[in-house]
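# Structure at a glance
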Amino acid sequence: AHAVLGHFGGRGLLNGGFALNLERTRRELEKRKGDFRDVETFAHGIIGVSNSVIERALRLISIERGHDPRDYTLIAFGGAGGLHACDLARSLEMLGVLLPVFPGGLSALGILRADVVRDFSRTVLLAVQEPRDARGKAGQISRGLRVEAETFLGREGFQKKQRRFEYRLDVPRHH
């Protein structure tokens, strides 16, 4: 949608290092535009929907934590962050927008700094007469999941001292 609307200045991505096939892009959007009047209107619609989804996430994250977005500046990151930032800041009535020199690099840095989390789970249906039976089965399943997790983390290069495990057991009560 951004390419069709000329938001890349005709140079493609990566400052021209990655060419875009605008004719093919227009053909594909033309096939999918449905009742939209033209490809440009459809492209604006795609961007509008994208902005709405991002805006809803920003509202949820900020308000959920007790922060009013109007008190903040939006920092755009990721390869497409700058393409959406001004519209989002305007709709959220934010103070302004900050565009880092390398927004993709900022996104990559965030990924590098984030904890690696991997869930291992099993759904098991047991008809249990004795609570000890369920406890024994849960322990057996937990041990198997732990082995899977240890194997995965070892393959990913995490040392034992870097690993943390959290166990949860959800047991519904039936009357």
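Residues numbered from 1 in each chain as written. Predicted model: local features only at pLDDT ≥ 70, side-chain atom pairs only at ≥ 80, totals over all residues. Heavy atoms only, no water.

What follows deals with the environment of Asp 87. Relative to the helices and strands, Asp 87 is located in helix H3 (residues 81–91). It is 12 Å that separates the C-alpha atoms of Asp 87 and Val 49, two residues lying 38 residues apart in sequence. Polar side-chain contacts of Asp 87 include one of 3.3 Å to the side chain of Asn 51. (Helix = DSSP H or I, 4+ residues; strand = E, 2+ residues; numbered from the N terminus. Polar contact = N/O pair within 3.5 Å; in protein donor to acceptor, adjacent residues only side chain to side chain.)

Two side chains of opposite charge can pair, provided their charged atoms sit close to one another. This structure, assessed with the given rule, holds 13 salt bridges. Glu 150 is the salt-bridge partner of Arg 146, the closest N and O atoms lying 3.0 Å from each other. Of the two residues, Arg 146 and Glu 150 are both situated in helix H5 (residues 131–155); the distance of four residues between them amounts to about one turn of the helix. By relative accessible area, Arg 146 is classed as partly exposed at 31%. In this structure, a network of salt bridges that share partners links the residues Arg 146, Glu 150, Lys 160 and Arg 163. (Salt bridge = Lys/Arg side-chain N within 4 Å of Asp/Glu carboxyl O. Buried < 20%, exposed > 50% of the residue type's maximum accessible area, 1.4 Å probe, protein only.)

What follows concerns H3. An α-helix turns once per 3.6 residues; consequently, residues spaced three or four apart project the same way. Within H3, burial applies to Gly 81, His 84, Ala 85, Leu 88 and Ala 89. Down the axis of H3, the sector holding all buried residues measures 135°, keeping them to one side. Along its buried surface, H3 packs onto helix H2 (39–64), strand E1 (73–75) and strand E2 (96–98). Backbone geometry just downstream of H3 places Glu 93 in the positive-phi region, at approximately 55°. (Arc of directions from axis to C-beta. Contact = heavy atoms within 4.5 Å.)

Before going further, it helps to spend a moment on the packing of aromatic side chains. Under the definition given, this model contains two aromatic pairs. Seen in terms of ring centroids, Phe 36 and Phe 42 are 5.2 Å apart; in terms of plane orientation they differ by 45°. Their pairing is tilted. Residue Phe 42 is classed as buried on the basis of its relative accessible area, which comes to 13%. Ring geometry for Phe 120 and Phe 152: centres 6.0 Å apart, planes at 65°, overall edge-to-face. Pair noted here: Phe 120 is in the loop between helix H4 (103–113) and H5 and Phe 152 is in helix H5, with a separation of 32 residues, a long-range link. Given the relative accessible area of 22%, Phe 120 is considered partly exposed. Residue class for Phe 152 comes out buried when judged on its relative accessible area of 14%. One Lys or Arg, Arg 118, reaches over the ring of Phe 152 and ends 4.6 Å from the middle of that ring. The side chain of Arg 146 reaches across the aromatic face of Phe 165, ending 3.7 Å from its centre. (Phe/Tyr/Trp six-rings, centres within 6.5 Å; stacked < 30°, edge-to-face > 60°. Lys NZ or Arg CZ within 6 Å of the ring centre and 35° of its normal.)

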